[in-house]
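The residues making up each chain are set out below.
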Amino acid sequence: MRHFIIVKWKQPDEMRGKLDGIEAIFKKTLEISGIHKVSLHPSCSDRANRYDLMIEIEMDAEALPAYDASEPHHFWKDTYGEAIQSKAIFDCES
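Residues numbered from 1 in each chain as written. Predicted model: local features only at pLDDT ≥ 70, side-chain atom pairs only at ≥ 80, totals over all residues. Heavy atoms only, no water.

Trainee: Could you give an account of the overall build of the chain, naming the residues involved and the relevant values?
Mentor: Counting secondary structure elements, the chain contains four helices and four strands. For the chain, the sequential pattern of α-helices and β-strands runs β-α-α-β-β-α-α-β. Its C-alpha radius of gyration of 13 Å places the chain within 12% of the 12 Å reference for a compact globule of 94 residues. A principal-axis box enclosing the C-alpha atoms of the chain has dimensions of 35 × 25 × 20 Å. In the chain, buried positions account for 35% of the 94 residues. Counting only contacts in the chain whose residues sit at least 6 apart along the sequence, the fraction spanning at least 24 positions is 72%. Just so you have it, the chain exposes about 5,800 Å², and 49% of that area is on carbon and sulfur atoms. The chain carries 12 positive and 17 negative side-chain charges, and their two centres are separated by 7 Å. (Helix = DSSP H or I, 4+ residues; strand = E, 2+ residues; numbered from the N terminus. Rg over C-alpha atoms; globule rule 2.2 N^0.38 Å. Buried < 20%, exposed > 50% of the residue type's maximum accessible area, 1.4 Å probe, protein only. Contact = heavy atoms within 4.5 Å. Areas by Shrake-Rupley, 256 points an atom, 1.4 Å probe, with all protein chains shown as cover. Lys, Arg positive; Asp, Glu negative; His and termini not counted. Charge placed at Lys NZ, Arg CZ, Asp CG, Glu CD.)

This is the structure:
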């Protein structure tokens, strides 16, 4: 399955410089059995009605509970949760 986290930042200009750190957090999820690939897709548009970042995780559906409980997932939420204006989570089959 493909798990997407689509984020709109409160302060997008401030967050652009933090993509390497965010990517490092999500790369740690590759240590979880059943997670195969992580990709970050920053927006190429600065329009106010656009989201700023899409995080894509390719995983076996059975890996989702382990991901939800993982240290990197909790670290992401604890570290960047306050900077998020809104987000959408979307899962689909590959």
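There is more to say after this.
Trainee: So, the side chain of Asp52: which residues are in play, and what are the values?
Mentor: With respect to the helices and strands, Asp52 occurs in the loop between strand 2 (35–42) and strand 3 (53–59). Lys8 is the oppositely charged side chain nearest to the buried, salt-bridge-free Asp52, at an N-O distance of 4.6 Å. In this structure the side chain of Asp52 is engaged in a polar contact, spanning 2.7 Å, whose partner is the backbone nitrogen of Trp9. Apart from the residues lying within four places of it in its own chain, the contact partners of Asp52 are Val7, Lys8, Trp9, Pro12, His41, Pro42 and Ser43. (Salt bridge = Lys/Arg side-chain N within 4 Å of Asp/Glu carboxyl O. Polar contact = N/O pair within 3.5 Å; in protein donor to acceptor, adjacent residues only side chain to side chain.)

Trainee: Which residues make up the pattern of salt bridges, and what are the values?
Mentor: Here the idea is simple: oppositely charged side chains can pair when their charged atoms come close. Summed over the entire model, instances satisfying the criterion amount to two salt bridges. Taking the shortest distance from any N to any O, the salt bridge between Glu56 and Arg2 comes out at 2.8 Å. A residue pair is termed long-range when its members are at least 10 positions apart, and Glu56 in strand 3 and Arg2 in strand 1 (residues 2–9) qualify at 54 residues. Using a relative accessible area of 8% as the deciding quantity, one classes Glu56 as buried.

Trainee: Tell me about the packing of helix 2 (residues 19–27) against helix 4 (residues 71–80), residues and numbers included.
Mentor: Each pair of packed helices can be summarised by the angle the axes make with each other and by the distance between the axes. Packing of helix 2 against helix 4 leaves a shortest axis separation of 8 Å and a crossing angle of 155 degrees. Here helix 2 is positioned roughly antiparallel relative to helix 4, judged by the angle of their axes. Helix 4 is crossed by helix 2, and the crossing has left-handed handedness. Of the residues in helix 4, those in contact with Gly21, Ile22, Ile25 and Phe26 of helix 2 are Pro72, Phe75, Trp76 and Tyr80. Its residues assigned to classes, the contact of helix 2 with helix 4 comprises seven nonpolar, one polar and no charged. (Axes fitted to C-alpha atoms, helices over the stretch in contact; angles between N-to-C directions. Parallel < 35°, antiparallel > 145°, perpendicular 65-115°, else oblique. Left-handed = near helix turned anticlockwise from the far one by under 90°. Nonpolar A, V, L, I, M, F, W, Y, C, P; charged D, E, K, R; others polar.)

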